[in-house]
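# Structural features, examined
Below, each chain spelled out in residue letters.
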Amino acid sequence: MKRFCGSEFWNASLTLYTDSPDLTPCFQNTVLVWIPCIFLWAAFPFYHFYLKQNNKGYIVMSILNKVKTFFGVLLWLICWLDLFYELGQSRVQHPVKVVTPLILGITMLLATVLIQYERLRGVQSSGLLFIFWLLALLCAIVPFRSRIREAADKGVTDQLRFTTFYIYFGLLLFQLILSCFNEKPPLFSSIVTDPNPCPEYTAGFLSTMTFWWFTSMAIKGYRNPLEDKDLWSLNKKDTSEIVVPTLLKKWETEKAKVQRKNQAVYSTSSTKVLNHVDGGTEEAGVLLLGKNDTKQPSFLKALLKAYGSYFLIGSAYKLMQDLIGFVNPQLLNLLINFTMQKDAPSWWGFALAFLMFFCALLQTIILHQHFQYCFVTGMRLRTAIIGAIYRKSLVITNSAKRSSTVGEIVNLMSVDAQRFMDLTTFLNMLWSAPLQIILALYFLWQYLGPSVLAGFAVMVLLIPLNAAIAMKTRAFQVEQMQYKDARIKLMSEILNGIKVLKLYAWENSFKEKVLQIRENELKVLRKSAYLGAVSIFAWTSAPFLVALTTFAVYVTVNDKNVLDAKKAFVSLSLFNILRFPLNMLPQVISSIVQASVSLKRIQCFLSHDELDPDSVDKKNIASGCVVTVVNGKFSWAKSDPATLHSINLMVPHGSLLAVVGHVGCGKSSLVSALLGEMEKLEGEISIKGSVAYVSQQAWIQNATLRDNILFGKPYNAEKYSSILEACALLTDLEVLPGGDQTEIGEKGINLSGGQKQRVSIARALYSEADVYLLDDPLSAVDAHVAKHIFDKVIGPEGLLKDKTRILVTHSITFLPQVDNIVVLVDGSVSEMGSYQELLTQNGAFAEFLRNYTLEDIVEEDEAIELEEEEEDFREDTLSNHIDMVDNEPVANEARKQFIRQISVISVDLENPKKMSTRKRKCSERKAAEHPPDKKSSAQKLIYAETAETGRVKLQVFWEYVKAVGPILCLFICFLYCCQNAAAIGANVWLSEWTSDTAVNGTQTETSMRVGVYAALGLTQGVLVMISSFTLALGGIGAARTLHSALLENKFCTPQAFFDTTPLGRIINRFSKDIYVIDEVIPPTILMFLSTFFGSIATITVIIASTPLFAVVIVPLAIAYFFVQVFLSSLPVF
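Being a predicted model, the structure only gives us computed values, none of them experimental. (Residues numbered from 1 in each chain as written. Predicted model: local features only at pLDDT ≥ 70, side-chain atom pairs only at ≥ 80, totals over all residues. Heavy atoms only, no water.)

### What to know about the overall build of the protein chain
Scanning the protein chain from terminus to terminus reveals 40 helices and 10 strands. The buried share of the protein chain, taken over its 1133 residues, is 46%. Long-range pairs, those at least 24 residues apart, make up 80% of the contacts in the protein chain with a sequence separation of at least 6. (Helix = DSSP H or I, 4+ residues; strand = E, 2+ residues; numbered from the N terminus. Buried < 20%, exposed > 50% of the residue type's maximum accessible area, 1.4 Å probe, protein only. Contact = heavy atoms within 4.5 Å.)

This is the structure:
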């Protein structure tokens, strides 16, 4: 290096052992200049690849960009000015004066090119260039000081280089300042059109690293409780429309890959099997079936491909944080050496203290970036898994629905998806923990030598124990999820039939059934919690056992081994680093075990067979026909016998086809087959155009009556009014308190059966589909209303006269008006033709007529009687009822009860005189009384779910304490005090041990020291186990108490609550919230108690040893208190 630089590279006397330290010119001109250059060139390939994969669009050239580019060009010119100046000399004195300006100039040119390349790729703030400018500026500070000192002592010897360096330093400072500002968003970016964009998208590098972009939201939340409307819009890449399709695409790719492999295995193996099986193809297929069934697509691979790359960025941050974490023990070693050296320069201590603070600060920044990536990955995982499960639940076959109950699907979306989100937070500990353990053992070897192997042996011996606990935990987890699925399934059935249950007073019986399942679930949860307590005991004691074993072996193998303060406390700092991975590893393993159970459950559900979307052909259709079925054979499951067979249909455009038959002959199954909801075993189905379907049981949304009819279509007043009149809904609008703006409860709870069916018909009518499949929609309405709907909607003169209609019906009244009739007998088409043709055949249709004629005659007599009663019906009675609904301030429940009880007065529209008279009387009475506007009097039936904002009230904590038991809570706190007292005693005893003076190079009373230290540590471990057992016991008791109280409350709640509360909201209380009480709150309390009492113990020890620290702790405590108050005021959504 002397030939390269012309001076020595390193001089310890000049740098370390002096009160005015400096670096040699060679070191300044090589290392300090090359460090930022090496960083930029090393990071450039990866950064270039990242920019190619993430193009956000180009940014228009701005003044900021022009200034940064101009300064970059100036830096390049100044660097090469030094180069050409040196080359212009008659003789180059030293190569470093040529090589360093050359490298620096090329690097500045690269930085300038990157400024423009980032602009073209839509980068608003460059983290890479910010770090580069910062490194270059920090490395230039030492030459900055050296040149000033040299100029003050000897004067300026080289005017050009002196001037160019300070210009270079100033430009670096300007570039660093400019890189703190953001460019404008890229053109055509969604951030431009979003009215409330998230500032994270446009945040600069510094703002992102320090989360400064969140400050405005924190301040807003501190001033006023935050609501949903205050939140920013989600980043586009975090929305479900991006996240869910990404996972589904990878999952479909994985399924296709496995399917190709299975086909390849079958094709390559079938020949070999056939050669050895006399039975031929059938037996060969049986032999191959088991082999092929074992190969299933891996949902884990789909998750890794979809979100693994983003998660790896967080893993890189974790790696940096782990490596920086081992710098502080080395700095502590240097600090202890500094205190032992009386003649050491004072700046050593300040430098070491600053470096320790800087390392801790850098470690914190990097660690929270790691958590940010982990949390976002977890959020995306949960969103994608819920979306995939939800979409799958809509398309699985009927046979799959038998094995996957509603309770299981709810748990998959609430509990199992949440497990993946929880796992991602500490998933990196799976590789980080072994890495930290290996590094800690390596550094411990430097101080304690082979004695570390004794501590390592203790850790190895604990691994089988943890493995056994993990295997048992997995078994308990599977069993617990089975009980949880059964409980949620039963609760779902109870809530769906809560009205019948209350009418029959079956609350206690069903409550006992739920509590019985819950008790079995809690038994498994108690076993799992006790296993967790044993695991916590083992791994909490692990660092102490490792330290004890290592120290004991170290002082006993050789009398000359002295445990001094340097070895003890540096080793303890390394053991403290070991504590976190050793404590987290069992939790991560437990989370992985739980997630593996959930993964298997989700993978099994997503692997279910789906309904074939191509079972109904939308393209190939016979000319003139809209619906055709050729030799159709259908079943509800592939393994079931055929429900429909020998089905042949040809429905011309604009015709009305009636499907009749006895109960159970397959009429509704035929409609389901046309919709593609049955397994097509043979034949072909073709439907031309869009399809509208009206089921036997009307499907109603929790929305206004108008929204139920429009169903997302644009509002057309004329069309809407004609449909209301055709569906006989005008009279209903007069009765409903808010007209068509009346909110309909969940499952149409405040509508009668006939009203719900007419709304369903109106919705189908408004959709303007090409084909209408009507599954006996007239069975839920009265005979005269059915006649009105048939005449105005379905029949030859109705609104659908130009549409293709397939009507399933039991009523023979309308059969003469249809174009064709299909008679089903035992799942097959018995007869097909017009009404007259089928009558002349005297077959199954004639028998059907004979069976149902008597019923229709009775219905017609009832309709005539009702018409006669309507003529005598007092109009003032109806008016009084309407006035009561509209005007009197009655309770919402009374209103709903009245609406359910009142039957809608329908008129025979074939008698215009009667109809006009009735309408005129009603209008005259209404005009005289001037009722208020219905829209203004309408009340909202179902309100949005609300959550408490601001801080959690003390009453909430007290309720949980009461559920656990106040005495038990005090006992748990007492145990935590005792275990921390034991920990303090062990550390104080170790301090006394290291203070023992060595006599003839050896320490006396080592056996007593080791014994007391071991006793204190084992006492701490036993207390940890007892406190964990006690906390687990209290958590199980609280879970039982809170669930029982919730269940008792819901069974005693009036029916009005269930009418106005969505069932999904109640199910969430029994699934997700009970899961939080069972499995989230107890570990959180454990962590809080450990942190709280550990902090108190640490502060106590520091104040006892250094009373001056009490002066510092007061302002620190006040600052942390205000920070805690500030952050705790923010709600957690």
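There's more to say after this.
### Let's talk about the state of the cysteines
Applying the stated rule across the entire model yields zero disulfides. Take Cys 79: it sits in no disulfide, and the sulfur closest to it among the cysteines is that of Cys 37, at 8.1 Å. Looking at the unpaired Cys 973, the closest cysteine sulfur is the one in Cys 969, lying at 6.9 Å. Residue Cys 973 is classed as partly exposed on the basis of its relative accessible area, which comes to 29%. (Disulfide = S-S within 2.5 Å.)

### Observations concerning unusual backbone geometry
Backbone geometry places Ser 646, a non-glycine residue, at a positive phi of 55°. Among the secondary structure elements, Ser 646 is positioned in strand S3 (residues 644-652).

### A short note on the sheet that holds strand S2 (residues 625-635)
If you trace the four strands from one edge of the open sheet to the other, you get S1-S5-S2-S3, paired in mixed fashion. The open sheet has two edge strands with one neighbour each: strand S1 (616-617) and S3. In this sheet, S3 lies alongside S2 in antiparallel orientation, the contact comprising six bridges. Opposite Cys 625, over in S3, you have Pro 652 as the bridge partner. On top of the sheet, helix H23 (residues 667-675) reaches S1, S2, S3 and strand S5 (679-687); it is set at about 70° to S3, its chief contact. (Pairing = 2+ DSSP bridges. Axes fitted to C-alpha atoms, helices over the stretch in contact; angles between N-to-C directions.)

### Focus on the sheet that holds strand S10 (residues 828-833)
What the six strands build is an open sheet, ordered S6-S7-S8-S4-S9-S10; its pairing is mixed. Here the strands that pair on one side only, and so sit at the sheet edges, are strand S6 (691-694) and S10. Strand-to-strand twist in this sheet, taken as the mean axis angle between neighbours without regard to direction, amounts to 15°. Both strand S4 (residues 656-661) and strand S8 (residues 804-808) contribute to a ladder of four bridges, which runs parallel. Bridging across to S8, Val 659 finds its partner in Val 808. Helix H28 (residues 783-794) rests against S4, strand S7 (771-775) and S8 of the sheet, and its axis sits at about 160° to S8.

### A short note on the nonpolar core
Ranked by size, the top nonpolar core spans 51 residues in total, and within it Val 793, Leu 815, Ile 821 and Phe 845 carry the most contacts. Membership of the second largest hydrophobic core comes to 47 residues, among which are Leu 75, Leu 137, Phe 165 and Leu 331. (Core = buried A, V, L, I, M, F, W, Y, C linked by side-chain atoms within 4.5 Å.)

### Digging into the pairing of S5
With two bridges connecting them, S1 and S5 associate as parallel partners. Note on S5: the bridge partner recorded for Val 616 is Ile 685. Two strands pair when backbone bridges link them, and S2 and S5 are joined in this way by seven bridges, in the antiparallel orientation. The partner of Phe 634 across the bridge, within S5, is Lys 680.

### Details of the environment of Leu 362
Within the element layout of this structure, Leu 362 appears in helix H15 (residues 346-395). As a C-alpha pair, Leu 362 and Ile 324 span 38 residues in sequence and 8.2 Å in three-dimensional space.

### What to know about a nonpolar patch on the surface
On the surface, a nonpolar cluster with roughly 580 Å² of combined accessible area is contributed by Phe 354, Leu 355, Phe 357, Phe 358, Leu 361 and Leu 362. Relative to the elements of secondary structure, Phe 354 occurs in helix H15. (Patch = residues over 30% accessible without salt bridge, like charges linked within 9 Å, V, L, I, M, F, W, Y side chains within 5 Å. Areas by Shrake-Rupley, 256 points an atom, 1.4 Å probe, with all protein chains shown as cover. Salt bridge = Lys/Arg side-chain N within 4 Å of Asp/Glu carboxyl O.)

### Comments concerning the pattern of salt bridges
All told, the structure shown has 26 salt bridges when counted by the stated rule. Linking Lys 68 and Glu 183 is a salt bridge whose minimum nitrogen-to-oxygen distance equals 3.7 Å. Within this pair, whereas Lys 68 is found in helix H4 (residues 63-87), its partner Glu 183 is found in the loop between helix H7 (159-178) and helix H8 (190-193), the two being separated by 115 residues in sequence. For Glu 183, a relative accessible area of 7% corresponds to the buried category.

### What to know about the packing of helix H5 (residues 96-120) against H7
Put simply, H5 and H7 touch, their axes get as near as 14 Å, and they point 25° apart. Regarding the angle of H5 to H7, the classification is roughly parallel. Relative to H7, H5 is oriented so that their crossing is left-handed. Between H5 and H7, the residues in contact are Lys 97, Leu 104, Met 108 and Ile 115 and Arg 161, Tyr 168, Leu 172 and Gln 175, respectively. Classifying every residue of the contact of H5 with H7 by side-chain character gives five nonpolar, one polar and two charged. (Parallel < 35°, antiparallel > 145°, perpendicular 65-115°, else oblique. Left-handed = near helix turned anticlockwise from the far one by under 90°. Nonpolar A, V, L, I, M, F, W, Y, C, P; charged D, E, K, R; others polar.)

### Digging into the packing of helix H35 (residues 954-964) against helix H37 (residues 1006-1052)
Where H35 contacts H37, the two axes come as close as 7 Å, and the packing angle between them is 110°. In terms of their interaxial angle, H35 and H37 are classed as roughly perpendicular. Across from Tyr 960, Ala 963 and Val 964 in H35, the residues of H37 making contact are Gly 1034, Gly 1035, Gly 1037, Ala 1038, Thr 1041 and Leu 1042. Residue composition of the contact of H35 with H37, by class: five nonpolar, four polar and no charged.

### As for the packing of aromatic side chains
Evaluated as defined, the whole model comprises 39 aromatic pairs. Between the aromatic rings of Trp 213 and Trp 232, the centroid separation amounts to 6.0 Å while the plane-to-plane angle is 50°, which identifies the pairing as tilted. Taken as a pair, Trp 213 in the loop between helix H9 (205-210) and helix H10 (215-223) and Trp 232 in the loop between H10 and helix H11 (240-276) lie far apart in primary sequence, 19 residues in all. By relative accessible area, which is 22% here, Trp 232 ends up partly exposed. Ring geometry for Tyr 530 and Phe 1029: centres 5.3 Å apart, planes at 50°, overall tilted. In this pair, Tyr 530 is assigned in helix H21 (residues 507-557) and Phe 1029 in helix H37, connecting sequence segments 499 residues apart. Here Phe 1029 falls in the partly exposed class, since its relative accessible area comes to 27%. An aromatic cluster of at least three residues, connected via ring pairs, comprises Phe 144, Phe 162, Phe 165, Tyr 166, Tyr 168 and Phe 169. A cation over a ring is seen here: Arg 147 above Phe 165, with NZ or CZ 4.5 Å from the ring centre. (Phe/Tyr/Trp six-rings, centres within 6.5 Å; stacked < 30°, edge-to-face > 60°. Lys NZ or Arg CZ within 6 Å of the ring centre and 35° of its normal.)

### Notes on the confidence of the model for the protein chain
The predicted model of the protein chain has a mean per-residue pLDDT of 81, with 85% of residues at 70 or higher. A low-confidence stretch, residues 277-292 stays under pLDDT 50, and its non-local contacts, those more than four residues away or across chains, total 18 contacts. (pLDDT = per-residue confidence, 0-100.)

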